[in-house]
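As a plain string of letters, each chain reads:
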Amino acid sequence: AEIRVGDALGIADGPYDAILLDAPCSSTGTIRRHPDVAWTKRPEDIGKLAALQHRLLAHAAGLLAPGGRLVYATCSLEPEEGEAQIARFLVEHPGFARMPITPAEVGGDPALITAEGDLRTRPDHWANHPGASEARLGGLDGFFAARLVRRP
(Lines give C-alpha, C1' and ligand atoms only; values in the text may rest on other atoms or scores of the structure.)
Protein backbone atom coordinates (compact mmCIF):
# COMPACT_ATOMS: atom_id res chain seq x y z
CA ALA A 1 0.00 0.00 0.00
CA GLU A 2 1.18 3.47 -0.80
CA ILE A 3 0.24 5.91 1.93
CA ARG A 4 -0.01 9.58 1.06
CA VAL A 5 -0.59 12.36 3.53
CA GLY A 6 -1.30 15.89 2.46
CA ASP A 7 -3.87 18.42 1.35
CA ALA A 8 -6.49 16.24 -0.29
CA LEU A 9 -7.71 19.08 -2.50
CA GLY A 10 -4.23 19.27 -4.04
CA ILE A 11 -4.06 15.62 -5.12
CA ALA A 12 -4.54 15.35 -8.86
CA ASP A 13 -3.52 11.82 -9.76
CA GLY A 14 -5.29 8.53 -9.26
CA PRO A 15 -7.31 6.50 -9.49
CA TYR A 16 -7.02 4.97 -6.03
CA ASP A 17 -8.49 1.70 -4.81
CA ALA A 18 -9.10 3.09 -1.32
CA ILE A 19 -9.20 6.51 0.28
CA LEU A 20 -9.50 7.38 3.96
CA LEU A 21 -10.75 10.93 4.34
CA ASP A 22 -10.19 11.89 7.97
CA ALA A 23 -11.85 15.24 7.44
CA PRO A 24 -11.11 18.39 9.43
CA CYS A 25 -14.05 18.92 11.75
CA SER A 26 -15.35 20.75 14.80
CA SER A 27 -13.95 18.08 17.16
CA THR A 28 -17.11 18.22 19.28
CA GLY A 29 -16.81 14.48 19.83
CA THR A 30 -13.63 15.01 21.87
CA ILE A 31 -14.94 17.76 24.13
CA ARG A 32 -14.94 15.48 27.18
CA ARG A 33 -11.19 15.03 26.94
CA HIS A 34 -10.49 18.42 25.35
CA PRO A 35 -12.84 20.93 27.02
CA ASP A 36 -11.09 23.81 25.22
CA VAL A 37 -13.06 22.80 22.10
CA ALA A 38 -16.07 24.56 23.62
CA TRP A 39 -14.10 27.81 23.64
CA THR A 40 -12.10 27.51 20.42
CA LYS A 41 -15.02 26.73 18.10
CA ARG A 42 -17.82 29.12 17.18
CA PRO A 43 -21.30 28.11 15.97
CA GLU A 44 -20.52 29.39 12.46
CA ASP A 45 -17.50 27.05 12.29
CA ILE A 46 -19.82 24.07 11.79
CA GLY A 47 -21.11 25.45 8.49
CA LYS A 48 -17.64 26.39 7.27
CA LEU A 49 -16.24 22.98 8.13
CA ALA A 50 -19.24 21.20 6.55
CA ALA A 51 -18.62 23.16 3.33
CA LEU A 52 -14.95 22.12 3.33
CA GLN A 53 -15.90 18.51 4.03
CA HIS A 54 -18.33 18.62 1.09
CA ARG A 55 -15.55 19.80 -1.23
CA LEU A 56 -13.14 17.17 0.11
CA LEU A 57 -15.66 14.37 -0.38
CA ALA A 58 -16.44 15.48 -3.93
CA HIS A 59 -12.74 15.68 -4.77
CA ALA A 60 -12.02 12.27 -3.22
CA ALA A 61 -14.89 10.79 -5.24
CA GLY A 62 -13.16 11.87 -8.43
CA LEU A 63 -9.92 10.17 -7.37
CA LEU A 64 -11.47 6.78 -6.62
CA ALA A 65 -11.30 3.85 -9.04
CA PRO A 66 -14.48 1.98 -9.96
CA GLY A 67 -15.12 -0.56 -7.21
CA GLY A 68 -12.91 1.48 -4.87
CA ARG A 69 -13.77 2.27 -1.28
CA LEU A 70 -13.94 5.66 0.38
CA VAL A 71 -14.08 5.93 4.17
CA TYR A 72 -15.18 9.32 5.49
CA ALA A 73 -14.54 10.00 9.19
CA THR A 74 -14.90 12.86 11.66
CA CYS A 75 -14.61 13.21 15.43
CA SER A 76 -17.73 15.34 15.52
CA LEU A 77 -21.15 14.85 17.09
CA GLU A 78 -22.72 17.30 14.63
CA PRO A 79 -25.04 15.71 12.03
CA GLU A 80 -23.94 18.33 9.48
CA GLU A 81 -20.45 16.81 9.65
CA GLY A 82 -21.63 13.20 9.66
CA GLU A 83 -24.99 11.75 8.70
CA ALA A 84 -26.22 14.79 6.76
CA GLN A 85 -22.89 15.10 4.93
CA ILE A 86 -23.11 11.52 3.66
CA ALA A 87 -26.81 11.79 2.79
CA ARG A 88 -26.04 14.84 0.63
CA PHE A 89 -23.02 13.15 -0.95
CA LEU A 90 -25.04 10.09 -1.98
CA VAL A 91 -27.73 12.27 -3.57
CA GLU A 92 -25.13 14.25 -5.52
CA HIS A 93 -23.04 11.19 -6.46
CA PRO A 94 -25.38 8.43 -7.67
CA GLY A 95 -22.36 6.36 -8.77
CA PHE A 96 -21.62 5.68 -5.10
CA ALA A 97 -23.32 3.46 -2.56
CA ARG A 98 -22.99 2.98 1.15
CA MET A 99 -21.11 -0.15 2.16
CA PRO A 100 -22.62 -0.77 5.60
CA ILE A 101 -20.34 -1.31 8.57
CA THR A 102 -21.30 -4.35 10.64
CA PRO A 103 -21.33 -4.71 14.41
CA ALA A 104 -18.73 -7.48 14.07
CA GLU A 105 -16.31 -4.91 12.63
CA VAL A 106 -16.63 -2.68 15.71
CA GLY A 107 -16.38 -5.08 18.62
CA GLY A 108 -19.81 -6.66 18.15
CA ASP A 109 -21.84 -3.76 19.54
CA PRO A 110 -24.88 -3.03 17.33
CA ALA A 111 -25.54 0.22 19.26
CA LEU A 112 -22.56 1.76 17.45
CA ILE A 113 -24.10 1.27 14.00
CA THR A 114 -26.80 3.58 12.62
CA ALA A 115 -29.85 2.31 10.76
CA GLU A 116 -28.07 3.31 7.53
CA GLY A 117 -24.99 1.26 8.38
CA ASP A 118 -22.62 4.02 9.45
CA LEU A 119 -20.50 4.06 12.60
CA ARG A 120 -21.68 6.61 15.19
CA THR A 121 -20.16 6.61 18.66
CA ARG A 122 -21.20 8.91 21.49
CA PRO A 123 -19.89 9.63 24.98
CA ASP A 124 -22.76 7.64 26.51
CA HIS A 125 -21.66 4.49 24.66
CA TRP A 126 -19.75 2.16 26.97
CA ALA A 127 -20.08 4.64 29.86
CA ASN A 128 -20.09 1.75 32.32
CA HIS A 129 -17.45 -0.24 30.51
CA PRO A 130 -15.71 -2.84 32.71
CA GLY A 131 -12.51 -1.39 34.07
CA ALA A 132 -13.83 2.17 34.24
CA SER A 133 -13.26 3.75 37.62
CA GLU A 134 -14.63 6.87 39.28
CA ALA A 135 -11.34 8.59 38.57
CA ARG A 136 -11.51 7.69 34.89
CA LEU A 137 -15.06 7.20 33.72
CA GLY A 138 -15.73 5.03 30.73
CA GLY A 139 -17.38 6.21 27.55
CA LEU A 140 -16.35 6.75 23.96
CA ASP A 141 -15.52 9.89 22.08
CA GLY A 142 -18.07 11.10 19.59
CA PHE A 143 -17.09 9.76 16.19
CA PHE A 144 -18.68 9.20 12.79
CA ALA A 145 -17.54 7.05 9.88
CA ALA A 146 -19.18 5.98 6.66
CA ARG A 147 -17.83 3.48 4.16
CA LEU A 148 -18.74 4.13 0.56
CA VAL A 149 -18.01 2.22 -2.63
CA ARG A 150 -17.81 3.54 -6.16
CA ARG A 151 -19.98 1.39 -8.34
CA PRO A 152 -18.10 -0.39 -11.17
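**What about helix α2 (residues 43–63)?**
With 21 residues, α2 should cover 30 Å at 1.5 Å per step; its first-to-last C-alpha distance of 32 Å lies within 8% of that length. By the burial criterion, the buried members of α2 are D45, I46, L49, A50, Q53, H54, L56, L57, A60, A61 and L63. Elements in contact with the buried residues of α2: β1 (16–22), α1 (37–40), β2 (64–74), α3 (83–92), β3 (96–98) and β5 (143–150).

**Quick notes on α3**
Within α3 the residues assigned to the buried category are Q85, I86, F89 and L90. Around the axis of α3, the buried residues are gathered within 125° of arc, so they sit on the same side. Its buried side turned inward, α3 meets α2, β2, β3 and β5.

**With respect to the nonpolar core**
What tends to happen in soluble globular proteins is that the nonpolar side chains get buried as a cluster. Counting residues in each nonpolar core, the largest one holds 20 residues, and the members touching the most others are L70, I86 and F89. Broken down by element, this core gets its largest block of residues, five residues, from α2. Excluding anything up to four places from it in sequence, F89 contacts L57, A58, A61, L70, F96 and L148. In this structure, A73, I101, V106 and L112 belong to the second largest nonpolar core, which totals eight residues.

**Quick notes on the packing of aromatic side chains**
Counted by the stated rule, this structure contains two aromatic pairs. Measuring from ring centre to ring centre gives 6.4 Å for Y72 and F144, while their planes differ by 65°; the resulting arrangement is edge-to-face. Of the two residues, Y72 sits in strand β2 while F144 sits in strand β5, which places them 72 residues apart along the sequence. On the basis of relative accessible area, Y72 is assigned to the buried category, the value being 0%. Residue F144 is classed as buried on the basis of its relative accessible area, which comes to 0%. Here the aromatic rings of F89 and F96 are separated by 5.2 Å at their centres, their planes lie at 70°, and the arrangement is edge-to-face. Comparing F89 with F96 shows no difference in burial state: the two are buried.

**Some details on the pattern of salt bridges**
Scanning all chains against the criterion turns up nine salt bridges. R147 is the partner of E105 in a salt bridge, and the nearest nitrogen-oxygen pair spans 2.9 Å. Taken together, the positions of E105 in the loop between β3 and β4 (119–121) and R147 in strand β5 put the pair 42 residues apart, joining distant regions of the chain. When its relative accessible area of 44% is taken as the criterion, E105 is described as partly exposed. Assessed through its relative accessible area of 16%, R147 is described here as buried. Between D124 and R122 there is a salt bridge, and its shortest N-O distance comes to 2.8 Å.

**Notes on the state of the cysteines**
Inspection of the entire model under this criterion finds zero disulfides. No disulfide involves C25; its nearest neighbouring cysteine sulfur is the one of C75, lying 3.4 Å away. For C25, a relative accessible area of 9% puts it in the buried group. Assessed through its relative accessible area of 23%, C75 is described here as partly exposed.

Parameters and conventions
- Residues numbered from 1 in each chain as written.
- Predicted model: local features only at pLDDT ≥ 70, side-chain atom pairs only at ≥ 80, totals over all residues.
- Heavy atoms only, no water.
- Helix = DSSP H or I, 4+ residues; strand = E, 2+ residues; numbered from the N terminus.
- Expected span 1.5 Å × (residues − 1).
- Buried < 20%, exposed > 50% of the residue type's maximum accessible area, 1.4 Å probe, protein only.
- Contact = heavy atoms within 4.5 Å.
- Arc of directions from axis to C-beta.
- Core = buried A, V, L, I, M, F, W, Y, C linked by side-chain atoms within 4.5 Å.
- Phe/Tyr/Trp six-rings, centres within 6.5 Å; stacked < 30°, edge-to-face > 60°.
- Salt bridge = Lys/Arg side-chain N within 4 Å of Asp/Glu carboxyl O.
- Disulfide = S-S within 2.5 Å.

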